[in-house]
Amino acid sequence: MCAGVNNRPLPDEHTFEIPASWRSQLHPRRDGTPAPPIHPDPQAAGTVRALIEEHAELIDLLVTGGDCDPELVAAVGRHLDGDPDPLGAAAIAAVITQRSVMRKMEESQAFFDSWVVTHGLGFAACAVVELSGLYAVHWRGGWDEKPHVLVEPKGDIHQHCPVTLRRARSLLASAADGVYPEAEAALAGHRRSATQRGLVSYLVPTRQDWVEECCADRSMGPNVSHLLYYSLRTRKQYLTLHNRVGFDAGRVSIYSVLPTLLEGMGPAALPLLLDVLDRGDLGEEKRQYVLGLIAELPTDEAFKGLLGRLDRRGVRPVLQAMARRFPVRALRLLAEAAPVSFDAALLLADHLSADAELAAAALRRLPPGTRTAAESAMASLARVPEAPAEAVPAVLAGPAGPRSRPVLEELQAPAPRVAWGAGERRQWLEDVPGLLPVPPDADWKALIGEFRSGTPSISIAQLVVYGPEELAWPPDEERDRRAREEVPWLKPLVARHGLRALPVAVEMAEADPAHCGTALLPFWHADVALMAAGWLTRGGDRADTARRWLDRHGPAAAPLLAPAALGKTAERRPAEWALRYLLLRHDLEEIVRAAQAVHGRRAADALEALLSAHPVETGLCPTPKIGDWLDPASLPQVLLRDRRLALPAAAAERLVALLALPFPHGVREIRRACDPRSLARFGWALLRQWREGGAPAQDDWALTQLAWTGNEETVEQLAALIPLWAEEGRHKDAAKALGVLADIGSDAALKHLHDVPRKATSKKLRQEAQRGMRRIAGRRGLSAEQLADRTVPDLGLAVDGGLVLDYGPRRFTVDLDERFKPVVTDQKGRTRKTPPSPGAKDDLLLAPAAHQRFTAFRKEARAAVADQIRRLETAMASGRRWTADQFGDFILGHPLMCRLARSLVWVSEDGDAVTAFRITEDRTLADVEGEKFTLSPSARVGVASPELLGDAVAAWSQTFAAHGIHQPFPQLARPLPAPGEPKAALGG
């Protein structure tokens with residue numbers, strides 16, 4: 001211990017020592033940690049003599065049978081004649097011990113001990129090397145069932161380290177000074193094969209030159225190669241061996257190889273421990289063991305390694321123990337991470353509160369710059385005074401009151417209509433599958449007659465989609481029945497016939513909500529509203545359709561739902577739930593105003609009273625019962641907007657109760673009143689407590705509440721949890737988390753949802769992600785192309801810089817060249833196609849991760865570049881236009897799109913002014929003459945077609961050639977319209 005400020009002792013945070021509890025697990029080395037002593041069995045020689053006598057026939061066959069290599073037979077003969085020979089001794093042992101595994105272990109140990117007692121440790125070590133590399137079998141064969149014995153070298157050893165080998169290494173490690181050199185010299189003569197060389201390097205790890213040679217030997221089998229992990233000392237050896245053979249925890253025991261590796265390499269072995277920890281097939285007991293090993297390492301890398309895996313099961317308590325053991329390091333690293341990680345901030349708060357005196361002493365040990373950052377992080381976590389009652393949001397001011405709900409039964413549903421979006425009806429009319437041809441020369445009256453007579457020559461879908469509107473919807477039950485069978489033509493049917501198609505659309509949507517539910521979206525109809533309200537509480541595709549309908553109509557749905565919500569029928573509960581769903585995204589005043597416009601002031605007042613009341617007061621749901629996993633006292637404070645006051649403890653508990661409702665009550669009021677980041681941190685702490693409490697399914701509201709408490713940091717951290725939960729088999733939680741991202745609905749959430757179908761192996765998760773994207777698009781009114789704008793990957797590039805690959809002592813920058821292929825630049829400005837493999841001097845953690853990041857970048861870039869080139873070419877062909885703001889956000893301000901866009905000619909249309917321009921290297925705009933161009937805020941921007949450029953194509957072609965610009969698709973090289981065809985003229 002070293003003395004700290006105010007005489008508070010602080011632990012040594014830099015010295016690594018092998019804990020005493022590890023010593024029994026180590027495979028000892030001569031210059032390493034002493035292991036418990038072992039002694040050869042003095043009775044072993046007698047045991048071996050008895051075994052040889054018992055198997056005399058087999059040994060005779062070994063010598064005389066003619067099945068074995070003559071050199072091996074000669075060695076056996078010498079050994080039997082009294083001239084000790086390690087190969088001969090090993091062959092005899094191989095024949096006798098080749099039966100059962102258990103007897104082989106016992107008898108092999110007896111042979112080894114007898115060799116030590118009879119011939120010395122050097123002979124015994126050589127013999128065990130020979131034995132471990134031999135394969136023996138005996139059988140009867142031939143017409144006379146003659147017995148045979150075969151002993152021959154094998155290419156590898158048994159996958160688990162034989163007990164005899166470990167026993168030999170232990171005796172060598174503790175051998176007398178005169179014995180060890182002799183044994184090492186003797187073993188030098190038994191390195192004939194790759195297997196033997198590997199075994200010798202395991203037995204005498206002091207010969208590091210032999211170890212390095214074996215690490216690089218590609219002819220060596222994987223099992224004996226894994227024994228080398230017990231002998232490693234350096235980073236170079238580790239990299240060479242790991243790159244050659246990897247690490248398979250099934251070939252060695254992690255309970256012995258990992259502590260032995262740490263004893264040899266020290267904290268430099270951390271990459272292998274993290275690699276093992278990240279394996280999905282590692283059992284819980286082994287996970288905890290590996291975590292315990294990492295927790296012993298007094299390095300920043302070890303602490304950061306676990307901090308980066310804080311979301312994984314069992315990591316948090318280990319990291320907390322690590323923080324207590326290394327308080328200065330924990331304070332420094334947690335303070336650095338706290339501004340960008342809720343988990344790190346919560347862990348820092350735990351660290352500070354666990355021992356304030358120790359934290360103060362640790363703070364004073366930090367360097368000045370780091371101390372300032374730590375103090376800033378600590379200040380952000382400091383508790384602030386509680387707000388007075390009058391400052392608390394009204395929804396949190398007191399508990400739910402007695403049951404009371406307004407009733408108004410005389411309300412009538414308003415007249416229905418079909419509410420189409422801009423261009424939507426035309427799009428639905430055109431949404432006709434190719435398998436539905438237009439009837440040629442149709443006599444529609446005759447065709448309808450055929451239907452009435454039961455002998456139609458066309459399908460009912462052709463009738464209702466193509467027939468005259470006054471004739472194509474006859475009141476015929478057979479028509480209704482058959483139309484219900486024509487699922488693909490439901491949208492054009494609705495677009496053509498509007499409210500007349502509603503009965504068919506409702507029945508088909510009820511039977512198949514996944515495929516037919518969208519057909520109900522345009523209907524502003526009380527029956528559809530109540531159907532959506534009922535679906536909302538049922539989950540699955542029905543609830544998804546219900547949310548899309550409610551999101552589409554918003555407050556305008558209130559007049560449709562109000563009669564049921566204020567009535568006494570069974571429909572009042574789902575209607576109230578639907579209205580409360582609207583409250584999550586719209587102000588109460590908007591909803592009430594929409595209801596008043598249809599039903600009047602009295603109904604509006606009743607609806608306002610209903611929705612202002614707590615759901616428990618209206619009888620909509622019981623008071624939530626929360627599991628005992630919740631510890632309200634340890635939750636962080638929720639600050640009010642000015643960050644000077646916080647919610648009182650009682651209000652914070654009421655907030656938890658509101659969040660536990662199926663649709664949290666008063667969310668918009670709470671979000672307006674509270675500081676967003678502290679509210680998000682509070683919500684994340686709820687999730688953390690739920691997870692640490694076993695994540696009970698009945699309390700999964702602790703996950704879904706993130707949709708209402710979360711922010712962009714929540715999006716990033718939750719997105720990182722989803723693949724982890726999927727890997728752990730928690731697909732329901734992963735699916736709910738995707739739903740949370742959909743409810744948050746930001747561009748960042750949209751991007752993460754877009755990534756899931758490309759990366760997830762679970763069909764359910766892919767479907768949930770696609771459902772979430774549809775919900776966001778519907779709620780925000782985004783077209784397919786606008787949705788695509790928001791999901792373009794940035795590939796890790798910056799707008800004005802490339803992706804940095806950090807190898808530790810050296811760095812490389814990855815970018816896209818003029819043909820949009822990856823190019824790597826080193827710190828001296830030299831370019832290459834790929835980064836180098838990690839070397840011995842590179843950081844063991846950073847370099848492999850950076851190299852893997854490039855591999856992923858190259859794969860992602862290939863797909864992303866091809867997709868976006870197609871989109872840009874389609875945008876040119878279709879004449880798509882972006883607003884100036886959209887162009888700035890999604891083209892000019894996007895790392896990938898800006899690089900592609902620099903290779904194209906763009907056009908600005910602002911009233912009568914039409915100007916072609918390009919994007920320069922510094923992201924300014926220039927016309928064909930190179931003069932700076934300023935985009936008007938009211939302009940509409942698109943990819944210029946050659947028809948639009950007209951005679952300016954030649955000048956632009958010269959400009960691009962002069963600047964060496966390679967176009968991603970033929971734009972300027974596209975053929976111009978034929979002579980005589982009109983051309984658009986460019987002004988400006």
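Residues numbered from 1 in each chain as written. Predicted model: local features only at pLDDT ≥ 70, side-chain atom pairs only at ≥ 80, totals over all residues. Heavy atoms only, no water.

- Under the annotation held in an unreviewed UniProt entry, the protein carries the name DUF4132 domain-containing protein and is attributed to Thermomonospora curvata.

1. A word on the overall build of the protein
No. 1: Of the regular secondary structure elements, the protein holds 49 helices and 15 strands.
No. 2: Taking 2.2 N^0.38 as the reference for a compact globule, 988 residues should give roughly 30 Å; the C-alpha atoms of the protein span a radius of gyration of 38 Å, well beyond that estimate.
No. 3: Its C-alpha atoms put the protein at 115 × 80 × 70 Å along the principal axes.
No. 4: Counting every position in the protein, which comprises 988 residues, the buried fraction comes to 52%.
No. 5: Restricting to contacts in the protein with at least 6 residues of sequence separation, those with at least 24 account for 70%.
No. 6: As displayed, the protein offers around 44100 Å² of accessible surface, 52% of which is attributable to carbon and sulfur atoms. (Helix = DSSP H or I, 4+ residues; strand = E, 2+ residues; numbered from the N terminus. Rg over C-alpha atoms; globule rule 2.2 N^0.38 Å. Buried < 20%, exposed > 50% of the residue type's maximum accessible area, 1.4 Å probe, protein only. Contact = heavy atoms within 4.5 Å. Areas by Shrake-Rupley, 256 points an atom, 1.4 Å probe, with all protein chains shown as cover.)

2. Concerning the sheet that holds strand E12 (residues 906-910)
No. 1: The sheet built from five strands is open, its strands ordered E11-E15-E12-E13-E14 with antiparallel pairing. Bordering the open sheet on either side are strand E11 (882-883) and strand E14 (925-926), each of which pairs with just one other strand.
No. 2: For strand E13 (residues 913-919) and E14, the ladder comprises two bridges, and the chain directions are antiparallel. Residue Arg918 lies in a different strand from E14, and its bridge partner there is Ala926. (Pairing = 2+ DSSP bridges.)

3. Regarding the side chain of Glu184
No. 1: One can find Glu184 in helix H8 (residues 179-188).
No. 2: We classify Glu184 as buried; its relative accessible area is 18%.
No. 3: Within polar-contact distance, the side chain of Glu184 engages the side chain of Arg207 at 3.3 Å.
No. 4: Contacts of Glu184, omitting those with residues within four sequence positions, involve Thr206, Arg207 and Trp210. (Polar contact = N/O pair within 3.5 Å; in protein donor to acceptor, adjacent residues only side chain to side chain.)

4. Notes on a positive patch on the surface
No. 1: A cluster of like positive charges, contributed by Lys821, Arg858, Lys859 and Arg862, occupies part of the molecular surface.
No. 2: Looking at the element boundaries, Arg862 is found in helix H45 (residues 846-878).
No. 3: Its relative accessible area of 56% is what places Arg862 among the exposed residues. (Patch = residues over 30% accessible without salt bridge, like charges linked within 9 Å, V, L, I, M, F, W, Y side chains within 5 Å. Salt bridge = Lys/Arg side-chain N within 4 Å of Asp/Glu carboxyl O. Lys, Arg positive; Asp, Glu negative; His and termini not counted. Charge placed at Lys NZ, Arg CZ, Asp CG, Glu CD.)

5. Considerations on the pattern of salt bridges
No. 1: Evaluated as defined, the whole model comprises 62 salt bridges.
No. 2: The residue Arg811 makes a salt bridge to Asp806 at a minimum N-O spacing of 3.6 Å.
No. 3: The partly exposed category is assigned to Asp806, whose relative accessible area is 23%.
No. 4: Glu860 is paired through a salt bridge with Arg853; the nearest N and O atoms lie 3.9 Å apart.
No. 5: Since its relative accessible area comes to 29%, Glu860 is described here as partly exposed.
No. 6: Connected through salt bridges with shared partners, the residues Glu284, Arg287, Arg313, Glu728, Arg730 and Asp733 form a single ionic network.

6. Remarks on the state of the cysteines
No. 1: Counted by the stated rule, this structure contains zero disulfides.
No. 2: Cys214 provides the cysteine sulfur closest to Cys215, a residue in no disulfide bond, and the two sulfurs are 7.2 Å apart. (Disulfide = S-S within 2.5 Å.)

7. Observations concerning the nonpolar core
No. 1: Ranked by internal contacts, the top residues of the largest apolar core, which has 136 residues, are Leu561, Leu607 and Leu718.
No. 2: When residues of this core are sorted by domain, at least three fall in each of domain 3 (417-612) and domain 4 (632-654 + 671-777).
No. 3: Grouped together as the second largest cluster of nonpolar side chains are 127 residues, Leu87, Ala110, Leu307 and Ala345 included. (Core = buried A, V, L, I, M, F, W, Y, C linked by side-chain atoms within 4.5 Å. Domains from an automatic or database assignment.)

8. Structural notes on the domain arrangement of the protein
No. 1: Segmentation of the protein into domains returns domain 1 (20-274), domain 2 (315-381), domain 3 (417-612), domain 4 (632-654 + 671-777) and domain 5 (879-963).
No. 2: Inter-centroid distance (C-alpha atoms) of domain 3 to domain 4 is 32 Å.
No. 3: Of the residues lining the interface, eight residues belong to domain 3; the matching set on domain 4 comes to six residues.
No. 4: Of the roughly 730 Å² buried where domain 3 meets domain 4, counting both sides, 40% is carbon and sulfur surface.
No. 5: The three residues of domain 3 that bury the most area against domain 4 are Asp544, Arg548 and Arg585, which together make up 48% of that side's buried surface.
No. 6: The tally of links between domain 3 and domain 4 comes to four salt bridges. (Buried area = accessible area lost by both parts, 1.4 Å probe.)

9. Describing unusual backbone geometry
No. 1: At Ala695, a position not held by glycine, the phi torsion is positive, near 50°.
No. 2: For Ala695, the location among the structural elements is in the loop between helix H37 (676-692) and helix H38 (701-704).
No. 3: Phi at Phe820 takes a positive value of approximately 65°, unusual for a residue other than glycine.
No. 4: Structurally, Phe820 is set in the loop between strand E8 (811-816) and strand E9 (822-825).

10. A look at the environment of Val384
No. 1: Locating Val384 in the fold gives a position in the loop between helix H21 (368-381) and strand E5 (417-418).
No. 2: On a C-alpha basis, the gap between Val384 and Ile670 in space is 18 Å, while along the polypeptide they are 286 residues apart.
No. 3: Setting aside chain neighbours within four positions, we find Val384 in contact with Gln637, Leu639, Arg643, Arg644, Leu645 and Ala646.

11. A word on the sheet that holds E8
No. 1: Spatially, the four strands line up as an open sheet ordered E7-E8-E9-E10, and their pairing is antiparallel. Two strands bound the open sheet, and with one partner strand each, they are strand E7 (803-806) and strand E10 (831-832).
No. 2: Pairing geometry for E9 and E10, over two bridges, is antiparallel. The residue bridging Thr825 from the neighbouring strand is Thr831, located in E10.
No. 3: Contacts from H45 reach E7, E8 and E9 within the one sheet, and its direction differs from that of E7 by about 155°. (Axes fitted to C-alpha atoms, helices over the stretch in contact; angles between N-to-C directions.)

12. Notes on the packing of aromatic side chains
Two aromatic rings, taken as a pair, are described by how far apart their centres are and by the angle between their planes.
No. 1: Applying the stated criterion to the full structure yields 15 aromatic pairs.
No. 2: Consider the rings of Tyr581 and Phe663, whose centres lie 5.7 Å apart with planes at 65°: the pair is edge-to-face. On the criterion of sequence distance, the pair formed by Tyr581 in helix H32 (residues 572-583) and Phe663 in the loop between helix H35 (649-659) and helix H36 (667-673) is long-range, its members being 82 residues apart. Phe663 shares its class with Tyr581; the two are buried.
No. 3: Ring centres of Trp956 and Phe960 lie 6.1 Å apart, and the angle between their planes is 85°; on these two criteria the pair is classed as edge-to-face. Here Trp956 pairs with Phe960, and both are found in helix H49 (residues 952-962), just four residues apart, close to one helical turn. Of the two residues, Trp956 and Phe960, both sit in the buried class.
No. 4: One aromatic cluster in this structure is built from Trp882, Phe887, Trp906, Phe917 and Phe933.
No. 5: Positioned above the aromatic ring of Tyr202, the side-chain terminus of Arg169 is 4.9 Å from the ring centre.
No. 6: Seen from the ring of Trp210, Arg207 lies directly overhead, with NZ or CZ sitting 4.0 Å from the centre. (Phe/Tyr/Trp six-rings, centres within 6.5 Å; stacked < 30°, edge-to-face > 60°. Lys NZ or Arg CZ within 6 Å of the ring centre and 35° of its normal.)

13. Some remarks on the packing of helix H41 (residues 731-744) against helix H43 (residues 763-780)
No. 1: Interhelical geometry of H41 versus H43 gives an angle of 15° and a closest axis separation of 8 Å. Overall, the two elements H41 and H43 adopt an arrangement that is roughly parallel. Of the two elements, H41 crosses H43, and the hand of that crossing is right-handed. Listed contacts from H43 to His731, Lys732, Ala734, Ala735, Leu738, Gly739, Leu741, Ala742, Asp743 and Ile744 of H41 are Lys764, Leu765, Glu768, Ala769, Gly772, Arg775, Ile776 and Arg779.
No. 2: Class assignment of the residues belonging to the contact of H41 with H43 gives a composition of nine nonpolar, three polar and six charged. (Parallel < 35°, antiparallel > 145°, perpendicular 65-115°, else oblique. Left-handed = near helix turned anticlockwise from the far one by under 90°. Nonpolar A, V, L, I, M, F, W, Y, C, P; charged D, E, K, R; others polar.)

14. Comments concerning the environment of Gln786
No. 1: By the element assignment, Gln786 lies in helix H44 (residues 784-789).
No. 2: For Gln786, a relative accessible area of 23% gives the class partly exposed.
No. 3: Other than its neighbours up to four places away in sequence, Gln786 contacts Gly781, Arg880 and Gln886.

15. Digging into the pairing of E13
No. 1: Counting buried residues in E13 gives six out of seven residues, a clear majority hidden from the surface.
No. 2: In the sheet, E12 pairs with E13 via five bridges, with the strands oriented antiparallel. Counted as the bridge partner of Trp906 is Phe917 from E13.
No. 3: Hairpin connection of E12 to E13: two residues between the antiparallel strands, including Gly911 at a positive phi of 65°.

16. So, helix H9 (residues 194-203)
No. 1: In terms of burial, H9 is largely enclosed, as ten of its ten residues are buried.
No. 2: Residues Ala194, Thr195, Gln196, Arg197, Gly198, Leu199, Val200, Ser201, Tyr202 and Leu203 constitute the buried set of H9.
No. 3: Where H9 is buried, its residues touch helix H6 (121-132), helix H7 (163-173), H8, helix H10 (208-215) and helix H11 (222-227).

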